[in-house]
Amino acid sequence: MDGQATVFIDGEAGTTGLGIRQRLDALPVTVRSIAPEQRKDAGARRAMMESVDLVVLCLPDAASREAAAMAAEIAATGGRAPRLLDASTAFRVDPDWVYGFPEMGAGCAAQVAGAARVSNPGCYPTGAIGLLRPLVEAGLLAPDTPLTINAVSGYSGGGRAMIEAHEHDGGPAFLLYGLGLEHKHLPEITRYAGLTRAPVFVPSVGHFPQGMIVSVPLHLDMLAVPATGGDLRAVLADFYAGSDRISVAEAMPDLSAETLAGTDLMELRVHANESRRQAVLTARLDNLGKGASGAAIQNIALMLGLAAPAPRAG
Ligand SMILES: NC(=O)C1=CN([C@@H]2O[C@H](COP(=O)(O)OP(=O)(O)OC[C@H]3O[C@@H](n4cnc5c(N)ncnc54)[C@H](OP(=O)(O)O)[C@@H]3O)[C@@H](O)[C@H]2O)C=CC1
Ligand SMILES: CC(=O)N[C@@H](CCC(=O)OP(=O)(O)O)C(=O)O
């Protein structure tokens, strides 16, 4: 690639787009932006697409699908189609897209680096897969274990509309939702955690802007082999030993969801009570950091062959 790579963020003014725009200042790339009044103009977006190396889609699912179709049409008609990184849920389990979770295992970063289309992981799945996949791979959790995942997110997880609802109208202090048990993140959690049985997923949103905890209660006797909380912790610590963003931390008596707001970090913990043979696994992250824009900047750097910037660490 001659000169600096060019990047267009479709949805730059949105919550995730803004976080990516700010982080791009740390990379040697040229960011091309669309005039705000043209941000939904299909012709202007198409022209921008044809002029850059990478388009980052920070749009609702339907608009992402339209944008990806536009890129495919550019390619099919002999135009210069860009590579795509999509922040939405639209393509997370699509076989034509690479799932952009570089820490998920050997070879994942290289797959992202070589891909034409990369799907950025969801915020809740980053915590859930981060906790569960190493334990399934190690044979401690059978793929068909009946699991429950509880989670709480800051209200920025619902994008501009939910931010406005909380900041102008005063949203609910705590809302349990997704009680139809069909949350949009279930397919990617199930697939990339290596499970064959979909977990019961119970998300919630609190009246705070940013931050997230994903937690998985376990009876240790449900494990596939006899093991202690210390064994679970050792597997996780070994899995993430080389990561500068995901760490395995000491168990705590309580956890605040907001502590990692503003960072690109994720902390995993195993809180075990051996005499009861019980444990709770937790992942704490910023839904807008490692759960969205922080992960996107890792994927952008990989796709463009650049060193990832140091993670925001608060
Ligand atoms: N918030 C979070 O924690 C996370 C969000 N995501 C995903 O990122 C994506 C963006 O979410 P988020 O940033 O929160 O949402 P926002 O609502 O904050 O931003 C979406 C942006 O897209 C623009 N937009 C909507 N429709 C179109 C269109 N047809 N053409 C061009 N622009 C359009 C919106 O403009 P306007 O406001 O004027 O309509 C807005 O600027 C979603 O798919 C979401 O699932 C991923 C991980 C975490
Ligand atoms: C609090 C809240 O509403 N959260 C959103 C998830 C965040 C999001 O937009 O999903 P992605 O991370 O997959 O893009 C939800 O449950 O639908």
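Please read these numbers as outputs of a predicted model, since none were measured by experiment. (Residues numbered from 1 in each chain as written. Chains lettered and ligands numbered in written order. Predicted model: local features only at pLDDT ≥ 70, side-chain atom pairs only at ≥ 80, totals over all residues. Heavy atoms only, no water.)

**A word on the site of ligand 1**
Among the 23 residues in the neighbourhood of ligand 1, the closest are listed as Thr15, Arg39, Lys40, Leu59 and Arg160. The separation between an oxygen atom of ligand 1 and a polar main-chain atom of Leu59 is 2.7 Å. In isolation ligand 1 offers 890 Å² of accessible surface; the protein chains occlude 85% of this area. Elements represented by at least two residues in the shell around ligand 1 include exactly helix H1 (15–24), helix H3 (61–76), helix H6 (159–169) and helix H9 (289–303). Residue composition of the shell around ligand 1, by class: 8 nonpolar, 9 polar and 6 charged. Residue assignment places the shell around ligand 1 across two domains, with domain 1 (5–121 + 292–303) and domain 2 (123–291) each supplying three or more. (Near = heavy atom within 4 Å. Polar contact = N/O pair within 3.5 Å; in protein donor to acceptor, adjacent residues only side chain to side chain. Areas by Shrake-Rupley, 256 points an atom, 1.4 Å probe, with all protein chains shown as cover. Helix = DSSP H or I, 4+ residues; strand = E, 2+ residues; numbered from the N terminus. Nonpolar A, V, L, I, M, F, W, Y, C, P; charged D, E, K, R; others polar. Domains from an automatic or database assignment.)

**What about the UniProt feature "domain: Semialdehyde dehydrogenase NAD-binding" (unreviewed entry) in the chain?**
Within this numbering scheme, the UniProt entry marks residues 6–112 as carrying the feature "domain: Semialdehyde dehydrogenase NAD-binding" (unreviewed entry). Helix and strand shares over residues 6–112 are 37% and 18% respectively, and the end C-alpha atoms of the span are 18 Å apart. (UniProt positions renumbered as here; feature names shortened; annotations may be inferred.)

**Let's talk about the UniProt feature "active site" (unreviewed entry) in the chain**
Taking the numbering used here, the UniProt-annotated feature "active site" (unreviewed entry) corresponds to Cys123. Examined against the element boundaries, Cys123 turns out to sit in helix H5 (residues 123–137). Classification of Cys123 by relative accessible area gives buried; the value is 14%. Apart from the residues within four sequence positions on either side, Cys123 is in contact with His185, Met212, Leu285, Asn287 and Gly291. (Buried < 20%, exposed > 50% of the residue type's maximum accessible area, 1.4 Å probe, protein only. Contact = heavy atoms within 4.5 Å.)

**A closer look at the pairing of strand E3 (residues 54–57)**
Judged by which residues are buried, E3 turns out to be covered on both faces: Leu54 and Val56 on one side and Val55 and Leu57 on the other are all buried. Across 4 bridges, strand E1 (residues 5–10) lies against E3 in parallel orientation. The residue bridging Phe8 from the neighbouring strand is Val55, located in E3. Pairing of E3 with strand E4 (residues 83–86) involves 4 bridges; the strand directions are parallel. Across the sheet, residue Leu57 finds its bridge partner in E4, namely Asp86. (Pairing = 2+ DSSP bridges.)

**Re the nonpolar core**
Leu132, Leu232, Leu268 and Leu281 are the most contacted members of the largest nonpolar core, which totals 42 residues. In terms of residue count, the dominant contributor to this core is H5 (8 residues). Formed jointly, this core draws a minimum of three residues from each of two domains, domain 1 (5–121 + 292–303) and domain 2 (123–291). When neighbours within four sequence positions are excluded, Leu232 is seen to be in contact with Leu135, Leu140, Leu218, Leu220, Leu223, Val270 and Leu281. Counting 20 residues, the second-largest nonpolar core is a separate cluster that includes Leu27, Cys58, Val118 and Ala296. (Core = buried A, V, L, I, M, F, W, Y, C linked by side-chain atoms within 4.5 Å.)

**Observations concerning the site of ligand 2**
Taken together, 15 residues lie around ligand 2, and Arg92, Cys123, Tyr177, His183 and His185 are the ones closest in. With respect to ligand 2, the side chain of His183 contributes an N or O atom lying 2.7 Å from an oxygen atom. One of the side-chain nitrogen or oxygen atoms of His185 is found 2.3 Å away from an oxygen atom of ligand 2. In the complex, 82% of the free accessible area of ligand 2, which totals 430 Å², lies under the protein chains. The class makeup of the residues in the shell around ligand 2 is 6 nonpolar, 7 polar and 2 charged. Residue-level mapping places the shell around ligand 2 at the junction of two domains, with at least three residues from each of domain 1 (5–121 + 292–303) and domain 2 (123–291).

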